[in-house]
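Structural overview
Spelled out, the chains give:
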Amino acid sequence: MAQSEYTVGLGERRFGRVNWLGLQTLAMREIKRFLVVWTQTLMAPLVTAGLFLMIFNLAIGPNRGDVMGVPFLQFLAPGILTMTVIQNAFANTSSSIVISKVQGNIVDTLMPPLSGFEVLVGYLSGAVARGLFVALGISLGLFLVLGVVPAHPLVALVFVILGALFLGGLGIVAGVFAEKFDQMAAITNFIVTPLAFLSGTFYSVDALPPVLRALSHINPVFYLIDGVRFGVIGASDSAPLLGFVVCSLSALGVCMLGWVMLRSGYRLKP
């Protein structure tokens, strides 16, 4: 009897080159993870960003001179937006993996017929979606409160996505590497937070001494913030094209490292 065209042999792949259904399922799981607790994952970052702006406004006052030709709060807003986006993108991927490892249900992600690349894209989908939600909320608040309208919205969008990809990929690497929450907290406190705060978030790097200015220019997050700042206020400390290249290569590099770790099962498989 001839074998039916719908019969699949044991061990044969039952779908094409990409498991679209599995990829979509993982991506939706990662997105629903933060939507279910939206008060913590979406509302809290908006409140924090608003508090940063309010505190700086109260501390420095309205007499602060313009920076890059715009009022200080308008200069500050893109940095706070980018910092909030990347912190949330990092938290989305890293917490998902670490929680699954600690609770012992990481097998639910490893057992389905998903390749390392498909798992990578699934996790990154959640990070990018959360970053875009946060960016949209903060942008709306900036428009309503400060009247800020992006000078180059597509440029700002590109750098926001690159930031979410870069820190989302870094979150995957950190989540795979960390075995417990203490290690994850250490990575956040000693790597992610300094990268965000020491990258021109609250100041122009042109005001720094030459040594610190040179160190800032080797920080990929500096180019992320600078790119978003150019997209919002139309001015930046470095060339946007250079920032795009640096951010793209940084995101690609960290995502490739995450793909290798997921593909090999490093610290995921017994």
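Residues numbered from 1 in each chain as written. Predicted model: local features only at pLDDT ≥ 70, side-chain atom pairs only at ≥ 80, totals over all residues. Heavy atoms only, no water.

1. What to know about the overall build of the protein chain
For the protein chain, the helix and strand inventory stands at 10 helices and zero strands. Each helix (α) and strand (β) of the protein chain, taken in turn from the N terminus, gives the series α-α-α-α-α-α-α-α-α-α. Once the C-alpha set of the protein chain is aligned to its principal axes, its extents read approximately 85 × 35 × 35 Å. By the burial criterion, 45% of the 270 residues in the protein chain qualify as buried. Considering only residue pairs separated by 6 or more positions, the protein chain has 83% of its internal contacts joining residues 24 or more positions apart. By element, 70% of the accessible surface of the protein chain is carried by carbon and sulfur atoms, the whole surface being about 14100 Å². With 15 positive and 11 negative side-chain charges, the protein chain shows a spacing of 5 Å between the two charge centroids. (Helix = DSSP H or I, 4+ residues; strand = E, 2+ residues; numbered from the N terminus. Buried < 20%, exposed > 50% of the residue type's maximum accessible area, 1.4 Å probe, protein only. Contact = heavy atoms within 4.5 Å. Areas by Shrake-Rupley, 256 points an atom, 1.4 Å probe, with all protein chains shown as cover. Lys, Arg positive; Asp, Glu negative; His and termini not counted. Charge placed at Lys NZ, Arg CZ, Asp CG, Glu CD.)

2. Describing helix H5 (residues 116-146)
Over its 31 residues, H5 runs 44 Å from end to end, which matches the ideal 45 Å to within 8%, given 1.5 Å per residue. Gly147 sits one or two residues past H5 and shows a positive phi near 70°. (Expected span 1.5 Å × (residues − 1).)

3. Quick word on the pattern of salt bridges
Considering all chains together, one arrives at three salt bridges under this definition. A salt bridge links Arg29 to Glu30; its shortest N-O distance comes to 2.9 Å. Here Arg29 falls in the partly exposed class, since its relative accessible area comes to 29%. Linking Arg33 and Glu30 is a salt bridge whose minimum nitrogen-to-oxygen distance equals 3.8 Å. (Salt bridge = Lys/Arg side-chain N within 4 Å of Asp/Glu carboxyl O.)

4. Quick word on helix H3 (residues 72-103)
Count 3.6 residues to each turn of an α-helix, and residues three or four apart come out pointing the same way. For H3, built from 32 residues, the straight-helix expectation of 46 Å at 1.5 Å per residue is met to within 8% by its first-to-last C-alpha distance of 45 Å. Burial analysis of H3 places 25 of its 32 residues in the buried class, which makes it a mostly covered element. Positive phi appears at Gly104, one or two residues downstream of H3, with a value of about 80°.

5. Focus on the packing of helix H1 (residues 20-36) against H5
Helix-helix packing: each pair is described by the crossing angle between the helix axes and the interaxial distance. Between H1 and H5, whose axes approach to 8 Å, the crossing angle comes to 35°. Of the two elements, H1 crosses H5, and the hand of that crossing is right-handed. Here H1 contributes Leu23, Leu26, Ala27, Arg29, Glu30, Ile31, Phe34 and Leu35 to the contact with H5, which in turn contributes Glu118, Val119, Val121, Gly122, Tyr123, Ser125, Gly126, Ala129, Arg130 and Phe133. Here the contact of H1 with H5 is composed, by residue class, of 11 nonpolar, three polar and four charged. (Axes fitted to C-alpha atoms, helices over the stretch in contact; angles between N-to-C directions. Left-handed = near helix turned anticlockwise from the far one by under 90°. Nonpolar A, V, L, I, M, F, W, Y, C, P; charged D, E, K, R; others polar.)

6. Section: a nonpolar patch on the surface
Where nonpolar side chains cluster on the molecular surface, the patch consists of Trp38, Met43, Val47, Leu51, Met54, Ile55 and Leu58 and spans about 700 Å² of accessible area. By the element assignment, Leu51 lies in helix H2 (residues 38-60). The exposure class assigned to Leu51 is partly exposed, which follows from its relative accessible area of 41%. (Patch = residues over 30% accessible without salt bridge, like charges linked within 9 Å, V, L, I, M, F, W, Y side chains within 5 Å.)

7. Brief notes about the nonpolar core
Core analysis: the biggest nonpolar cluster contains 72 residues, and Leu81, Phe90, Leu167 and Ile172 have the highest contact counts within it. Elements supplying a minimum of two residues to this core: H1, H2, H3, H5, helix H6 (153-177), helix H7 (181-197), helix H9 (220-233) and helix H10 (240-264). The element best represented in this core is H3, accounting for 14 residues. If we ignore the near neighbours within four places in the chain, the residues touching Leu167 are Ile86, Ala89, Phe90, Thr93, Val192 and Leu224. (Core = buried A, V, L, I, M, F, W, Y, C linked by side-chain atoms within 4.5 Å.)

8. Describing unusual backbone geometry
You will see that Met68, though not glycine, has its phi angle at about 55°, which is positive. One can find Met68 in the loop between H2 and H3. In this model, Arg267 sits at a positive phi of 60°, which is unusual for a non-glycine residue. Note on placement: Arg267 falls in the segment after H10.

9. Some thoughts on the state of the cysteines
Covalent bonding between the sulfur atoms of two cysteines defines a disulfide. All chains considered together, the criterion is met by zero disulfides. The thiol sulfur of Cys247 is not disulfide-bonded, and the nearest other cysteine sulfur, from Cys255, lies at 13 Å. (Disulfide = S-S within 2.5 Å.)

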